[in-house]
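Inside the fold
As a plain string of letters, each chain reads:
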Amino acid sequence: MTAGFGGEDLYPTRVDGDAAELPRQDRVVWGGAADGPLDQGLLDGFDRDGYLVLENLITAEEVDGFRAELARLSADPVVRADERTIVEGSSQQVRTIFDVHRSSEVFARIARDPRVVGRARQILGSEVYIHQSRVNLKPGFGGGDFAWHSDFETWHAEDGLPRMRTVSVSISLTDNYSFNGPLMIMPGTHKTYVSCTGRTPNDNYRSSLVMQNAGTPDEDILTRMADVHGIDVLAGGAGSAVMFDCNCMHGSNGNISPYARSNIFLVYNSVENTAVEPFAAERARPDFLGSRDFTPVG
Ligand code: AKG
């Protein structure tokens, strides 16, 4: 096991012992209202809840363009066979396409778009680079679920992100209804770090991207968190977006409705928080999951 960051680990996880709740050691919002498009009310809400909602971040024409690109990618046999594409075993439907900001010029443009990047810079208070990008697809009649987790726990354990200074922007490419598997967040949970039990198996990512088996939060802790914080269901129209902190406890149900749900996720990390050695894995995950290219988004 490699110890990252050459010193004390503020966020231990996947070590021997019990699951634990530890206080967050990092700020949530680093910039102010003068630093970007988000006003003080939105920044305060993000600080309190760990997320904020942006209605109509992109236009209907842009949504159409992204959906066409997603349809093209999902049908391309080369893309389906690529290790950056996760296909559900039973249905053979595409669940996730990673690294879309590098593999698709259409998605690359939105990942660099000032409407997105400006807000990420404002929350993180610095230049940012892309740690990861992906599109999650939930076709109707059987799109898969995502179990409760904190992204930061995995990014710290397996990618070596030292501190909590990372934000995700999830843009809806379809309407997200309460019933087609929208993102759910326990608001306020980003202020508590849930340390998980169980060592990280080698090449854990090969199975964890379909079914998480390490970095799984303890169910008693999840129950207490839900009792205290509640669960927000982030329904919203196509073109709307959710920005959420890396340590929010979040997940989503499967989609048995007839209505597909697809969202792009763009993950921005502060250039002052670049990845080191993983904190709880033998080796870092591949670059398409945790980028080692720290070039700021221009
Ligand atoms: C993840 O990809 O880690 C998620 O939690 C995504 C949840 C979703 O797509 O609803």
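Residues numbered from 1 in each chain as written. Predicted model: local features only at pLDDT ≥ 70, side-chain atom pairs only at ≥ 80, totals over all residues. Heavy atoms only, no water.

Here is the rule we go by: UniProt positions are given in the numbering used here, feature names are shortened, and annotations may be inferred rather than shown by experiment.
An unreviewed UniProt entry lists the protein under the name Ectoine hydroxylase, with Promicromonospora kroppenstedtii given as the organism. Recorded in UniProt for the protein, the comment headed Cofactor (unreviewed entry) runs: "Fe(2+)". Regarding the protein, the relevant UniProt record gives this comment under Subunit (unreviewed entry): "Homodimer."

**Overview of the packing of helix α5 (residues 105–112) against helix α6 (residues 114–124)**
Note the cut-off: Think of each axis as a best-fit line through the C-alpha atoms, taken over the contacting stretch in the case of a helix, with angles from 0 to 180 degrees between the N-to-C directions. Secondary structure follows DSSP: runs of H or I at least 4 residues long count as helices, runs of E at least 2 residues long count as strands, and numbering of each begins at the N terminus. The labels follow the angle: roughly parallel below 35 degrees, roughly antiparallel above 145, roughly perpendicular from 65 to 115, and oblique for the rest. Every residue pair with non-hydrogen atoms within 4.5 Å of one another is taken to be in contact.
In contact at an axis separation of 5 Å, α5 and α6 are set at 40° when each is read in the N-to-C sense. The angle between α5 and α6 falls in the class oblique. Each of I110, A111 and R112 in α5 lies in contact with α6, whose residues at this interface are P114, R115, V116 and V117.

**Things to note about the sheet that holds strand β2 (residues 51–54)**
Spelled out, the test is: Between any two strands, at least two bridges found by DSSP are needed for them to pair.
One open sheet accounts for seven strands, arranged β2-β11-β7-β13-β5-β4-β3; its pairing is antiparallel. Each having just a single partner strand, β2 and β3 (85–87) make up the two edges of the open sheet. On average, each strand axis in the sheet is inclined to that of its neighbour by 15°, with strand direction left out of account. Pairing of β3 with strand β4 (residues 94–98), which is carried by three bridges, proceeds in the antiparallel orientation. Note that in β4 the partner of V87 across the bridge is V94. In this fold α6 packs onto β2, β5 (128–138), β7 (166–172), β11 (241–245) and β13 (261–270), with an angle of close to 45° to the strand it touches most, β13. Sheet strands in contact with helix α7 (residues 151–159) are β5, β7, β11 and β13, and its direction is about 120° off that of β5.

**Quick notes on the site of the ligand**
Which entries qualify depends on this criterion: Definition of nearness: a residue and a molecule or strand are near each other if at least one heavy atom of the residue lies within 4 Å of the molecule or strand. We define a polar contact as two N or O atoms separated by no more than 3.5 Å, with the added condition that, inside protein, one atom must be a possible hydrogen donor and the other a possible acceptor, whereas residues neighbouring each other in sequence contribute only through side-chain atom pairs. Exposure was quantified through the Shrake-Rupley algorithm and a 1.4 Å probe, taking into account, for residues, occlusion by the shown protein chains and nothing else. For this scheme, ten residues count as nonpolar: Ala, Val, Leu, Ile, Met, Phe, Trp, Tyr, Cys and Pro. Four count as charged, namely Asp, Glu, Lys and Arg, and the remainder, Gly too, count as polar.
In the neighbourhood of the ligand, the contacting residues comprise R134, N136, K138, F146, H149, D151, L183, H250, S252, R261 and F265. Between the ligand and S252 there is a distance of 2.6 Å, counted from an oxygen atom to a side-chain nitrogen or oxygen. Contact between the ligand and R261: an oxygen atom at 2.6 Å from a side-chain N or O atom of the residue. With the chains in place, 93% of the 290 Å² that the ligand exposes on its own is no longer accessible. Top contributing element to the shell around the ligand by residue count: β5, with three residues. The residue inventory of the shell around the ligand, partitioned by class, reads three nonpolar, four polar and four charged.

**Focus: the packing of aromatic side chains**
Two descriptors summarise a pair of aromatic rings, namely the distance from one centre to the other and the angle between the planes of the rings. Short version of the rule: Aromatic rings from Phe, Tyr and Trp, with only the six-membered ring used for Trp, were paired whenever their centres fell within 6.5 Å, and each pair was classed as stacked if the ring planes differed by under 30 degrees, edge-to-face if by over 60, and tilted otherwise. Relative accessibility thresholds used throughout: buried, under 20% of the residue-type maximum; exposed, over 50%; partly exposed, between the two (1.4 Å probe, protein chains only). Throughout this description, the term charge over a ring refers to an Arg CZ or Lys NZ atom that lies within 6 Å of the ring centre and within 35 degrees of the ring normal.
Applying the stated criterion to the full structure yields ten aromatic pairs. On the basis of an interplanar angle of 70° and a centroid distance of 6.0 Å, the ring pair of F152 and Y193 is categorised as edge-to-face. Placement of the pair is F152 in helix α7 and Y193 in strand β9 (residues 192–195), with a sequence separation of 41 residues. There is no split in this pair, since F152 and Y193 are both buried. Put simply, the rings of Y11, F152 and Y193 pair up and form one aromatic cluster. The ring centre of F146 lies 3.9 Å from the NZ or CZ of R95, which sits over that ring. Lying across the ring of F265, R134 places its NZ or CZ 4.4 Å from the centre.

**Comments concerning the layout of surface pockets**
The line we're drawing: Cavity and pocket criteria rest on a 1 Å grid covering protein atoms alone: a 1.4 Å probe that fits but cannot get out defines a cavity, protein on both sides within 12 Å along at least 5 of 7 lines defines an open pocket, and an atom within 4 Å of a point defines a lining residue. Grid points are joined across faces, edges and corners, and a volume is the space filled by probe spheres set on the points.
Considering only enclosed or pocket space, the second largest pocket measures out at about 180 Å³ in volume. Lining of the second largest pocket is provided by 13 residues; of these, H101, I130, D293, T295 and V297 occupy positions nearest its centre. The set of elements that each furnish at least two residues to the lining of the second largest pocket consists of α4 (100–103), α5 and β5. Sort the elements by how many residues they give to the lining of the second largest pocket and α5 lands first, with three residues.

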